[in-house]
Amino acid sequence: MTGGTDGHAEDQGRVYQSRGDQHISEHHHYGGVGPEHGGPDSVRRPAVGRCPVALRDRNEVMERLRESVRAEHGGQVYVLYGMGGSGKTAVACALFDEVTRDQGRVGLWVNAADRASLRAGMLAVAADRGAGDGELLAARNGLRPAADLVWRYLDRSAEPWLLVLDNTDEPEILRDGDWLRTSPRGTVLVTTRRAAARWWPGAELQHIGVLPREDAALVLRDLAPHSGTKEQAARVADRLGLLPLALTLAGGFLSHQIIDPWTMDAYGDRLDAFEARGLPEAAVLLRLLARFAAEPLPLTLLNHAGIEAVLPRARTETALRALLDQSLSELVDVAGTRCVQSHGILLDSVSTATAADLVSVLDTTAVRMLDAAVPVVPDAGPHDPRLRLLVPHALALLRHVGAPSAAGALAVATRLAVALHRTGDYLSAWETTRTAADLGQRYLGAEHRTVLAARSREGRALFRLGRYAEAEAALRAVRDVQERLRRTR
């Protein structure tokens, strides 16, 4: 070969130039499928704080589920649907405990809230059922169909099983790879807010609603029997909308007061607006948290100067403590990172009730906070679990923000995908940038430069996953649009 070369390399790529024949082999290995790489710690236990002390007003649905599992034939899919906080997960948890304790079935629990969690959980299921390390690594890196691998081992399972797909509020992700299937070896139980029949062909659907007033009061008294009378508990239950999750949080809070225990009435008084109690900063912080996802949010985001646009930085600590004191948020530790987490139903209700004149500044502030948490110039390096913590929040912002903030939110999400890409987590990079581009395109249009940048990154991730034809099509489509736009300027 003579002359120069115009080749270039990105990320961890290399360009070689030589004379004569040369044979070059390279091998790159990026981690395994263990928890340190984003997988769940266990699929043999429900991924919830704890199952309910007593399941109220759910006898009929529990008996139907028991009978089905007891019949010792597989091939069924059951879908529990209802609004957030209605107790779908509690029913699944109760059935999971019963069949694993009393019937000797293997219980497998997967958080299906997003593509990354679903994929990691299902690959952990395959590992539990006997898949080898080499097979799992190939599936994780996109070198073999992951869903086929999982269901192959579920079909071969020596023991009958119950598979719970919890928090499946975006059922479209199950179709990407055909994750939801049936098997003669077990039963699948899905919890979701989405009940449209087109998402669940052939499944048996069961609605889970709010509790009757009397049962709702019993939930509080199950958890905090000495906190007040039945009528006091009923009044608090009314104010909590008779939602099992809200009742469980309130009852748990009441049961843990030691020095100066609260009564039911005292808890009810504290449900009043923070503004009325002289803590307006707590209400503002809650509105800001509602722009993000109902997932662990690193506390470092709250310690950014950009928060000053809506909340004095010196008052952030006081505001957060107020939320923690009222059991509206909790502190959790994920991968060695301290985070704050609030429940989805609380965040949804706060987001819906936020005044229109506050939305723009909240969106802008949330984008700036997330922007500060993502590396400005992502560099190649080892797997960083902290980056994965930011993914649901980047996508939640794109779902919440209006048109004025969409470009900024999409730019941050794309840079986060670049950071994931350069740690070798190509699958997460692809899923993040693909979803982000789809969300951003709603406001910006398919030919906006920020959307095109995201689509280009999507194509590069596909290339790294070995999906060359798809990568070529994606990158060619971006180039064609860019060239046409240049010619028309």
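Residues numbered from 1 in each chain as written. Predicted model: local features only at pLDDT ≥ 70, side-chain atom pairs only at ≥ 80, totals over all residues. Heavy atoms only, no water.

The next point concerns helix α14 (residues 356-373). Relative to the 26 Å expected for 18 residues at 1.5 Å per residue, α14 spans 27 Å between its end C-alpha atoms, a close match to the ideal helical length. Those residues of α14 not exposed but buried are L362, D363, T365, A366, V367, M369 and L370. Against α11 (280-289), α15 (385-400) and α16 (403-421) lie the buried residues of α14. (Helix = DSSP H or I, 4+ residues; strand = E, 2+ residues; numbered from the N terminus. Expected span 1.5 Å × (residues − 1). Buried < 20%, exposed > 50% of the residue type's maximum accessible area, 1.4 Å probe, protein only. Contact = heavy atoms within 4.5 Å.)

This part takes up the pattern of salt bridges. Evaluation of the coordinates by the stated rule reveals 29 salt bridges. Ionic pairing is found between R115 and D176, a salt bridge with its closest N-O pair at 3.5 Å. Here D176 lies in the loop between α6 (172-175) and β4 (186-192) and R115 lies in helix α3 (residues 115-128), a separation of 61 residues in the sequence. Classification of D176 as partly exposed rests on a relative accessible area of 32%. Sharing partners across several salt bridges, the network here consists of R44, D128, R129 and E159. (Salt bridge = Lys/Arg side-chain N within 4 Å of Asp/Glu carboxyl O.)

In this structure the tally under the stated criterion is three aromatic pairs. Judged by centre distance (5.6 Å) and plane angle (80°), the rings of F96 and W109 are edge-to-face. Taken together, the positions of F96 in helix α2 (residues 88-102) and W109 in strand β2 (residues 106-111) put the pair 13 residues apart, joining distant regions of the chain. W109 matches F96 in its accessibility class, with the two residues each being buried. The interplanar angle of 65° and the centroid separation of 6.0 Å between the aromatic rings of W151 and W161 together place this pair among those described as edge-to-face. Pair noted here: W151 is in helix α5 (residues 146-155) and W161 is in strand β3 (residues 161-166), with a separation of ten residues, a long-range link. The pair formed by W151 and W161 is uniform in burial state, with each residue classed as buried. Residue placement shows R156 over the ring face of Y153; its charged tip is 5.8 Å from the ring centre. The ring of W430 is capped by R467, whose NZ or CZ atom sits 4.5 Å from the centre of that ring. (Phe/Tyr/Trp six-rings, centres within 6.5 Å; stacked < 30°, edge-to-face > 60°. Lys NZ or Arg CZ within 6 Å of the ring centre and 35° of its normal.)

The two faces of the sheet receive side chains in turn, since in a regular strand these alternate between them. A large share of β3 lies buried, amounting to six of its six residues. Both faces of β3 are covered, namely the face carrying W161, L163 and L165 and the face carrying L162, V164 and D166. Both β3 and β4 contribute to a ladder of five bridges, which runs parallel. Note that in β4 the partner of L165 across the bridge is V190. (Pairing = 2+ DSSP bridges.)

Moving on: the sheet that holds β2. The five strands are arranged β2-β3-β4-β1-β5 in an open sheet whose pairing can be described as parallel. In this open sheet, the two edge strands, each paired with only one partner strand, are β2 and β5 (204-207). Adjacent strand axes in the sheet meet at a mean angle of 20° when their direction is disregarded. Taken together, the four bridges between strand β1 (residues 77-81) and β5 define a ladder with parallel strand orientation. Within the sheet, the bridge partner assigned to V79 lies in β5 and is L205. Against the sheet, helix α1 (residues 59-70) makes contact with β1, β4 and β5, and its axis sits at roughly 165° relative to β1, the strand it touches most. (Axes fitted to C-alpha atoms, helices over the stretch in contact; angles between N-to-C directions.)

Another point: the nonpolar core. L285, L289, F292, L302, L370 and L416 are the most contacted members of the largest nonpolar core, which totals 57 residues. Those residues in contact with L416 that sit more than four places away from it in its chain are V374, L387, L390, V391 and A394. (Core = buried A, V, L, I, M, F, W, Y, C linked by side-chain atoms within 4.5 Å.)

With that settled, the discussion passes to the confidence of the model for the chain. Averaged over all residues, the pLDDT of the chain is 82; the fraction at 70 or higher stands at 83%. Per-element averaging of pLDDT across the chain places helix α10 (residues 264-269) at the bottom with 56 and α5 at the top with 96. (pLDDT = per-residue confidence, 0-100.)

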